[in-house]
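# Fold and geometry: a report
Below are the chains, spelled out letter by letter.
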2 protein chains.
Amino acid sequence: MVPEPSALAYVPFVSVQNMMRLVTETGVDAFIARLADYIAADFRRWPEFDKTPRVASHSTDGVIELMPTADAENYGFKYVNGHPRNMRDGYQTVTAFGVLASVATGYPLLLTEMTVLTALRTAATSALAAKYLAPPESQVMAMIGNGAQCEFQAMAFRSICGIRRLRLYDVDPAATLKAERNLTAEGFEVVTCASPEEVVEGAQIITTCTADKQFATILTDNMVGSGVHVNAIGGDCPGKTELHRDILLRSDIFVEYPPQTRIEGECQQLDEDHPVQELWEVVAGLRPGRRDRSQITLFDSVGFAIEDFSALRCVRDAIEGTPYFDRLDLLADPDDPRDLFGMLRRSSGA
Amino acid sequence: MVPEPSALAYVPFVSVQNMMRLVTETGVDAFIARLADYIAADFRRWPEFDKTPRVASHSTDGVIELMPTADAENYGFKYVNGHPRNMRDGYQTVTAFGVLASVATGYPLLLTEMTVLTALRTAATSALAAKYLAPPESQVMAMIGNGAQCEFQAMAFRSICGIRRLRLYDVDPAATLKAERNLTAEGFEVVTCASPEEVVEGAQIITTCTADKQFATILTDNMVGSGVHVNAIGGDCPGKTELHRDILLRSDIFVEYPPQTRIEGECQQLDEDHPVQELWEVVAGLRPGRRDRSQITLFDSVGFAIEDFSALRCVRDAIEGTPYFDRLDLLADPDDPRDLFGMLRRSSGA
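Residues numbered from 1 in each chain as written. Chains lettered and ligands numbered in written order. Predicted model: local features only at pLDDT ≥ 70, side-chain atom pairs only at ≥ 80, totals over all residues. Heavy atoms only, no water.

On to the interface of chain A and chain B. Contacts between chain A and chain B engage 82 residues on the former and 83 residues on the latter. Contact between chain A and chain B buries roughly 7,300 Å² in total, counting both sides, with carbon and sulfur atoms accounting for 69%. Contact with chain B buries surface across chain A, with A:Arg338, A:Phe341 and A:Leu344 losing the most and accounting together for 11% of the total. At the junction of chain A with chain B, the criterion picks out six salt bridges. Two residues, B:Asp339 and A:Arg181, come together in a salt bridge whose shortest N-O distance is 3.7 Å. For the side of chain A that touches chain B, the leading source of residues is helix 11 (residues 340–347) of chain A, giving seven residues. (Contact = heavy atoms within 4.5 Å. Buried area = accessible area lost by both parts, 1.4 Å probe. Salt bridge = Lys/Arg side-chain N within 4 Å of Asp/Glu carboxyl O. Helix = DSSP H or I, 4+ residues; strand = E, 2+ residues; numbered from the N terminus.)

Structural data, given as structure tokens:
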């Protein structure tokens with residue numbers, strides 16, 4: 001007869017289905033806006049965070065990473081894989097889950113799926129950046145790459161920047177069709193395009209989120225007019241870039257965490273000392289975002305642990321009082337902490 | 001109406017209660033012996049492992065660590081905290097959980113509690129080391145420190161080294177009483193002692209597993225006679241040691257992973273270049289264990305990621321065909337991997 005674990009032993013767990021229920025009940029727009037608020041709040045206190053570089057384990061098929069970070073109160077980490085060939089076998093290229101824990105006790109406070117959550121926080125971060133960097137009167141966004149991240153980006157830019165008109169292009173027309181179907185259903189005005197040159201026409205914002213693994217040039221220099229904001233999502237690991245180097249040289253580049261972006265982002269094409277600006281300083285009001293109408297701004301997004309930390313905080317707060325989590329018996333909790341063995345013996349009824 | 005996730009979305013989860021059921025059904029002795037076999041098998045192929053140092057996040061109250069490692073087939077990591085003051089508030093000093101994943105896909109294969117499992121694997125590793133290092137005719141083990149790890153060590157040494165006679169000492173008599181009660185019930189011949197000097201009398205093996213955080217000297221030089229094997233468990237982080245330096249100077253020191261042990265183990269008291277031998281080489285038959293009757297052998301145990309990896313493999317194999325796991329909906333699994341958003345929309349019935 002196994003005694004019931006005490007409350008201390010349980011960790012709230014948000015499954016994929018509960019995450020989807022939570023997000024759809026809140027509304028995707030509203031949930032992304034809330035995520036952006038948590039990210040902005042954490043960006044404003046950026047120096048408070050313990051910023052360890054991610055721990056990556058590379059193999060021929062892909063990479064598995066642990067992304068930890070902590071402030072004085074909470075510790076969080078995300079497990080995330082990147083396996084480009086997975087799609088052929090019906091697996092996700094990227095799956096993720098994460099844990100938020102108490103720094104004071106080391107006890108986990110939340111275990112949650114983060115495949116859906118990462119897509120949401122990536123989009124929220126891009127839209128947060130655009131709020132400070134895109135032309136204030138932006139109405140049209142061109143999207144090159146219409147894969148899994150595309151619709152989340154669109155939803156975030158509508159929710160946070162008021163973008164309702166989209167131009168879509170993907171090397172695979174089926175991907176564009178999928179995105180058009182989903183986004184039209186969400187009330188966007190969607191134009192599908194046959195080429196990268198066509199898709200950028202009349203757009204104040206250009207979002208690139210392709211999944212090419214090797215150095216690619218989705219955007220060439222002549223395609224980027226003055227005053228445009230480029231939201232570059234796809235270039236996010238060594239050897240993976242989307243923009244021609246000349247675009248970077250004409251742009252004011254904003255990044256999350258320079259030591260990581262110079263290795264993983266579009267910046268890997270530039271000299272180590274090429275000037276970049278840190279997004280958190282813009283959000284914190286320590287430096288200006290967009291300065292004039294002709295300036296080309298570039299958000300070289302790779303995704304940083306603090307955004308996941310913010311997302312974990314947001315979810316932990318959001319599930320309170322909802323039915324959208326289970327309680328996992330993840331932690332041993334003997335009546336006498338020194339008597340772990342006694343707990344084991346009692347469980348056998350001995 | 002949320003569609004049911006496919007099989008790909010589920011990850012086997014072993015709760016604390018299921019771990020206890022699995023271990024007690026198998027028998028603690030038998031389970032530890034099986035763990036030792038998995039650890040020995042992985043030690044024999046030690047060079048195959050990707051050995052990243054653990055990622056530690058220190059705070060005033062304790063530490064939270066991620067311990068990853070991988071071979072060509074599997075990736076594993078353990079989350080573990082160490083918070084000495086937790087016990088005051090009825091929390092465990094150490095809690096842990098772990099994940100085993102596929103290197104080929106990056107998909108998690110197992111999520112399991114590791115608080116109980118870590119206690120078991122630590123004991124299994126100590127007994128495995130003693131099998132090669134302790135005097136072959138060992139019958140009596142002295143145990144200084146009778147806390148949470150004590151009984152697991154005793155069970156492992158009986159299961160793997162045939163030790164049935166124990167001498168117990170702890171600064172806190174209540175801890176000794178607890179261990180005596182548990183171990184007598186397990187059929188050990190137990191003698192409780194009033195001092196460290198008394199407890200080591202006539203013992204061929206001395207196990208130290210105290211929880212002192214600062215530099216301590218549980219064992220002084222004169223207490224360690226020739227031919228003894230010292231199994232030092234307690235010294236496992238910077239500033240935490242149990243043995244007088246002179247004992248180390250008289251001993252042949254065996255360690256798990258030198259770069260880690262020199263920082264965290266008893267070895268932190270020695271010069272960086274002080275000779276140590278790697279346990280895996282002994283297990284692999286590349287170098288001898290105990291060479292003669294008078295030799296003092298010391299296993300300076302700190303716990304290494306590969307032991308957790310072995311434990312994760314062992315549990316994954318052990319739960320097959322048993323009812324001792326649940327299936328967690330941890331991974332998003334859209335029908336079309338590029339249509340994560342579509343999966344989200346459908347979950348809302350939109």
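Still more ground to cover, so stick around.
In this section: the domain arrangement of chain A. All names here are of chain A. Domain boundaries in chain A define domain 1 (7–116 + 306–347) and domain 2 (125–303). Using C-alpha coordinates to define each centre, domain 1 is positioned 27 Å away from domain 2. If you look at the interface, domain 1 gives 16 residues, while domain 2 gives 21 residues. For the pair domain 1 and domain 2, the two sides together bury roughly 1,700 Å², of which 67% comes from carbon and sulfur. Together, Asp 29, Phe 43 and Trp 46 form the three largest contributors to the area buried by domain 1 at its contact with domain 2, with a combined 30%. With a shortest N-O distance of 3.4 Å, Asp 29 and Arg 158 are connected by a salt bridge. Between domain 1 and domain 2 we count two residue pairs in polar contact (both at pLDDT 80 or more) in total. (Domains from an automatic or database assignment. Polar contact = N/O pair within 3.5 Å; in protein donor to acceptor, adjacent residues only side chain to side chain.)

A word on the packing of aromatic side chains. Taken as a whole and judged by the stated rule, the model has 21 aromatic pairs over all chains. The interplanar angle of 65° and the centroid separation of 6.1 Å between the aromatic rings of A:Tyr79 and B:Tyr75 together place this pair among those described as edge-to-face. One end of the pair, A:Tyr79, is in strand 5 (residues 74–82); the other, B:Tyr75, is in strand 5 (residues 74–82), on a second chain. Between A:Tyr79 and B:Phe77, the aromatic rings sit 6.1 Å apart at their centres with planes inclined by 25°, giving stacked as the arrangement. Of this pair, A:Tyr79 sits in strand 5 while B:Phe77 is found in strand 5, placing the two residues in two different chains. Clustering of aromatic rings is evident, with ring pairs tying together A:Tyr75, A:Phe77, A:Tyr79, A:Phe97, B:Tyr75, B:Phe77, B:Tyr79 and B:Phe97. The side chain of A:Arg158 reaches across the aromatic face of A:Phe188, ending 4.2 Å from its centre. (Phe/Tyr/Trp six-rings, centres within 6.5 Å; stacked < 30°, edge-to-face > 60°. Lys NZ or Arg CZ within 6 Å of the ring centre and 35° of its normal.)

Looking now at the sheet that holds strand 15 (residues 296–300) of chain A. All names here are of chain A. If you trace the eight strands from one edge of the open sheet to the other, you get 10-9-8-11-12-15-13-14, paired in parallel fashion. Only two strands of the sheet have a single neighbouring strand rather than two, namely strand 10 (189–192) and strand 14 (277–278). In this fold helix 3 (residues 115–133) packs onto strand 12 (229–232), strand 13 (251–255) and strand 15, with an angle of close to 160° to the strand it touches most, strand 15. Here helix 5 (residues 173–185) sits on the sheet in contact with strand 9 (165–169) and strand 10, set at roughly 165° to strand 9. (Pairing = 2+ DSSP bridges. Axes fitted to C-alpha atoms, helices over the stretch in contact; angles between N-to-C directions.)

With an RMSD of 0.0 Å, the fit of chain A onto chain B corresponds to turning through 180° and sliding 0.0 Å along the axis. Read as a symmetry element, the transformation amounts to a two-fold axis. Interface overlap between copies is the fraction of interface residues in one copy that are interface residues in the other; for chain A against chain B it reaches 100%, indicating a shared surface. (Least-squares fit on C-alpha atoms with pLDDT ≥ 70 in both.)

Let us look at the pairing of strand 8 (residues 140–144) of chain A. Residues and elements named next belong to chain A. Of all the five residues making up strand 8, five are buried; the element is thus mostly covered by neighbouring parts of the structure. Here strand 8 shows two buried faces, one formed by Val 140, Ala 142 and Ile 144 and the other by Met 141 and Met 143. In terms of strand pairing, strand 8 meets strand 9 through five bridges, oriented parallel. Considered in strand 9, the bridge of Met 141 is made with Leu 166. After leaving strand 8, the chain enters helix 4 (residues 150–161) and then returns to the sheet as strand 9, a path that is right-handed. Bridging between strand 8 and strand 11 (residues 205–208) involves four bridges; their strand directions are parallel. Residue Ala 142 lies in a different strand from strand 11, and its bridge partner there is Ile 206. (Buried < 20%, exposed > 50% of the residue type's maximum accessible area, 1.4 Å probe, protein only. Right-handed = clockwise from strand over helix to strand, strands pointing away.)

Attention now moves to helix 10 (residues 305–319) of chain A. Residues and elements named next belong to chain A. The first and last C-alpha atoms of helix 10 sit 21 Å apart over 15 residues, in line with the 21 Å expected at 1.5 Å per residue. Among the 15 residues that make up helix 10, 13 are buried, leaving the element largely enclosed by the rest of the structure. Backbone geometry just after helix 10 places Gly 321 at a positive phi near 75°. (Expected span 1.5 Å × (residues − 1).)

Let us look at the pattern of salt bridges. Residues and elements named next belong to chain A. Taken as a whole and assessed by the stated rule, the structure comprises 42 salt bridges over all chains. A salt bridge links Asp 308 to Arg 121; the shortest N-O distance between them is 2.7 Å. On the criterion of sequence distance, the pair formed by Asp 308 in helix 10 and Arg 121 in helix 3 is long-range, its members being 187 residues apart. No difference in accessibility class separates Asp 308 from Arg 121, as the two residues are buried. In this structure, Asp 317 engages Arg 316 in a salt bridge whose closest nitrogen and oxygen atoms are separated by 3.3 Å. Overall, the relative accessible area of 30% leaves Asp 317 in the partly exposed class.

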